[in-house]
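A look at the structure
One letter stands for each residue in the lines below.
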Amino acid sequence: MRKFAVLFDLDGTLLDTECQYSTFWESQCLKYHNDKDIALQIKGTTLKSIVTRYFSFDEKVTKQVLEDLYDFESKMTFPFVKGAERFIKELNDNDIPVAVVTSSDMNKMRNVFTAHPDFKDLFDVFLMAEDYTESKPSPECFLVAAERLGVMPQDCFVFEDSELGIEAGNRAGMTVVGLSTTLPVEFVSSRVKLCIPDFENINIEKLMSLK
């Protein structure tokens, strides 16, 4: 019997946090580049990649951006996207391996674990920014997650909300389900097998019908 796995991005996919991050990064991009549109371009990439590309022109700026981010994240809320927790538990109950594949670092994840003490128990694997070298849209993070779960890439489903994350899932050769929590439905739909607004109407049977 074939073994399937489900890989989830975190922000904007499992957790309804993208609006909060948009507010933060827009303010930083306005402050240091006078261009808030950069905030959309960096969605789905690791903090290291963001800082290196946009805020490494001055050591003091780099340090200040990181300090501001960590302070901001310590005060954030981390609500689940509607239906997400229910769907993950359905996967758990049916012994389908699940992983979180995120561009977030361990510092951020500690805040998530504090907000949701049982979060760790819902997943078999956590892949964070420290666990891979190439940021999305490279497929590396998803391929590493599949390897750790012992599942072939073609037998993995990816849930993503960002353009770079969706591209990474497609490049990994996986079946991508897009959430329209961050980008317009029309944009997401053209790049994924299925586009959903949240997890309210998704279940294992519907997921498997995509194969």
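See the structure printed just above.
Below is a short write-up of the structure. Remember, predicted model here, so these are calculated numbers, not experimental data.

1. Quick word on the packing of helix H4 (residues 59-74) against helix H6 (residues 106-115)
Look at H4 against H6: their axes get within 10 Å of each other, and the N-to-C directions meet at 15°. With respect to H6, the element H4 is oriented roughly parallel. With respect to the hand of their crossing, H4 and H6 are arranged in right-handed fashion. The residues of H6 that touch H4, namely those facing Tyr70, Glu73 and Ser74, are Asn107, Lys108 and Asn111. The residue makeup of the contact of H4 with H6, split by class, is one nonpolar, three polar and two charged.

2. Some details on the pattern of salt bridges
Applying the stated rule across the entire model yields eight salt bridges. As a salt-bridge pair, Lys43 and Glu18 come within 2.7 Å of each other at their nearest N and O atoms. Of this pair, Lys43 sits in the loop between helix H2 (38-41) and helix H3 (47-54) while Glu18 is found in helix H1 (residues 18-33), placing the two residues 25 residues apart along the sequence. Assigned by exposure class, Lys43 and Glu18 land together as buried. Residue Glu160 is joined to Lys136 by a salt bridge in which the shortest nitrogen-to-oxygen separation is 2.6 Å. Separated by 24 residues along the polypeptide, Glu160 in strand E4 (residues 156-160) and Lys136 in the loop between strand E3 (125-127) and helix H7 (140-149) bring together distant segments of the chain. Judged by relative accessible area, which is 0%, Glu160 ranks as buried. Given the relative accessible area of 2%, Lys136 is considered buried. Through salt bridges that share partners, Asp9, Lys136 and Glu160 make up one connected network.

3. Let's talk about the sheet that holds strand E1 (residues 5-8)
Read across the open sheet, the six strands follow the order E3-E2-E1-E4-E5-E6; overall the sheet is parallel. Strand pairing shows two members of the sheet lacking a second neighbour, E3 and strand E6 (194-196), which therefore form its edges. In this sheet, adjacent strand axes meet at a mean angle of 20° when their direction is disregarded. Relative to E4, E1 runs parallel, the two being bridged by four bridges. Within E4, the residue paired with Val6 across the bridge is Phe157. Sheet contacts for helix H5 (residues 84-93): E1, strand E2 (98-101) and E4; angle to E1, the most-contacted strand, approximately 155°.

4. Concerning the side chain of Glu73
Relative to the helices and strands, Glu73 resides in helix H4. With no salt bridge to any partner, buried Glu73 finds its closest opposite charge in Lys108, at an N-O distance of 4.7 Å.

5. As for the packing of H1 against H4
Orientation of H1 relative to H4, taken along the N-to-C sense of each, is 160°, at an axis distance of 11 Å. If you check the angle between H1 and H4, you find them roughly antiparallel. Crossing handedness for the pair H1 and H4: right-handed. Contact residues: Gln20, Tyr21, Phe24, Trp25, Gln28, Lys31 and Tyr32 in H1; Val61, Gln64, Val65, Asp68, Leu69, Phe72 and Glu73 in H4. Residue classes in the contact of H1 with H4 are distributed as eight nonpolar, three polar and three charged.

What counts as what
- Residues numbered from 1 in each chain as written.
- Predicted model: local features only at pLDDT ≥ 70, side-chain atom pairs only at ≥ 80, totals over all residues.
- Heavy atoms only, no water.
- Axes fitted to C-alpha atoms, helices over the stretch in contact; angles between N-to-C directions.
- Helix = DSSP H or I, 4+ residues; strand = E, 2+ residues; numbered from the N terminus.
- Parallel < 35°, antiparallel > 145°, perpendicular 65-115°, else oblique.
- Left-handed = near helix turned anticlockwise from the far one by under 90°.
- Contact = heavy atoms within 4.5 Å.
- Nonpolar A, V, L, I, M, F, W, Y, C, P; charged D, E, K, R; others polar.
- Salt bridge = Lys/Arg side-chain N within 4 Å of Asp/Glu carboxyl O.
- Buried < 20%, exposed > 50% of the residue type's maximum accessible area, 1.4 Å probe, protein only.
- Pairing = 2+ DSSP bridges.
- Lys, Arg positive; Asp, Glu negative; His and termini not counted.

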